[in-house]
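Structure assessment
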Amino acid sequence: MDSTDNTQNNPEGSFRADHHVHPYGEINLVVPLNEGAALAGPNGWCYGGWTAPAPGSHHFPEVKGGAVVSLTFLPAGRIAFDVIP
């Protein structure tokens with residue numbers, strides 16, 4: 001994900017993707033590609049390392065400060081986009 005030059009006008013110039021729910025949770029390895037880039041995680045902004053949203057959690061994936069790569073593991077391969085934020 002990359003927040004560079006996005007036009008969403010979110011706080012801190014962040015970029016938000018589609019809202020979804022994790023029926024069985026999610027595990028992410030976050031790798032910033034720009035100094036200061038971060039991915040929003042369950043405990044706030046993650047500037048690199050691991051995040052683990054709990055089963056049943058939901059959010060808009062969000063990045064600020066540039067680009068990050070997020071390697072995402074979905075238990076049982078489950079993710080749902082048919083939820084209302």
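What counts as what
Residues numbered from 1 in each chain as written. Predicted model: local features only at pLDDT ≥ 70, side-chain atom pairs only at ≥ 80, totals over all residues. Heavy atoms only, no water. Pairing = 2+ DSSP bridges. Helix = DSSP H or I, 4+ residues; strand = E, 2+ residues; numbered from the N terminus. Axes fitted to C-alpha atoms, helices over the stretch in contact; angles between N-to-C directions. Core = buried A, V, L, I, M, F, W, Y, C linked by side-chain atoms within 4.5 Å. Buried < 20%, exposed > 50% of the residue type's maximum accessible area, 1.4 Å probe, protein only. Contact = heavy atoms within 4.5 Å. 1 Å grid on protein atoms, 1.4 Å probe; cavity = no way out; pocket = protein on both sides within 12 Å on 5 of 7 lines; lining within 4 Å. Points joined across faces, edges and corners; volume = space filled by probe spheres on them. Nonpolar A, V, L, I, M, F, W, Y, C, P; charged D, E, K, R; others polar. Patch = residues over 30% accessible without salt bridge, like charges linked within 9 Å, V, L, I, M, F, W, Y side chains within 5 Å. Areas by Shrake-Rupley, 256 points an atom, 1.4 Å probe, with all protein chains shown as cover. Salt bridge = Lys/Arg side-chain N within 4 Å of Asp/Glu carboxyl O.

Overview of the sheet that holds strand S3 (residues 27-32)
Strand order in the open sheet made by the three strands is S6-S3-S9, with antiparallel pairing throughout. In this open sheet, the two edge strands, each paired with only one partner strand, are strand S6 (49-51) and strand S9 (68-73). This sheet shows a mean twist of 25° between the axes of neighbouring strands, independent of strand direction. Where S3 and S6 come together, three bridges link them in antiparallel fashion.

A few points about the nonpolar core
Core analysis: the biggest nonpolar cluster contains six residues, these being Val 30, Ala 37, Leu 39, Cys 46, Val 63 and Val 68. Once you skip the residues sitting within four places of it in the chain, Val 63 turns out to touch Met 1, Asp 2, Ser 3, Ser 14, Phe 15, Ala 38, Leu 39, Trp 45 and Val 68.

Describing the layout of surface pockets
The volume enclosed by the largest pocket comes to roughly 290 Å³. Around the largest pocket, the lining comprises 20 residues; the ones closest to its centre are Glu 26, Asn 28, Leu 39, His 59 and Pro 61. Those elements that place two or more of their residues in the lining of the largest pocket are strand S4 (38-41) and S9. Looking at the lining of the largest pocket residue by residue, the classes come out as 12 nonpolar, seven polar and one charged.

A few points about a nonpolar patch on the surface
A cluster of nonpolar side chains, Ile 27, Trp 50, Leu 71 and Phe 73, forms an exposed patch at the surface whose accessible area comes to about 420 Å². Summarising the element assignment, Phe 73 is placed in strand S9. For Phe 73, a relative accessible area of 41% translates into the label partly exposed.

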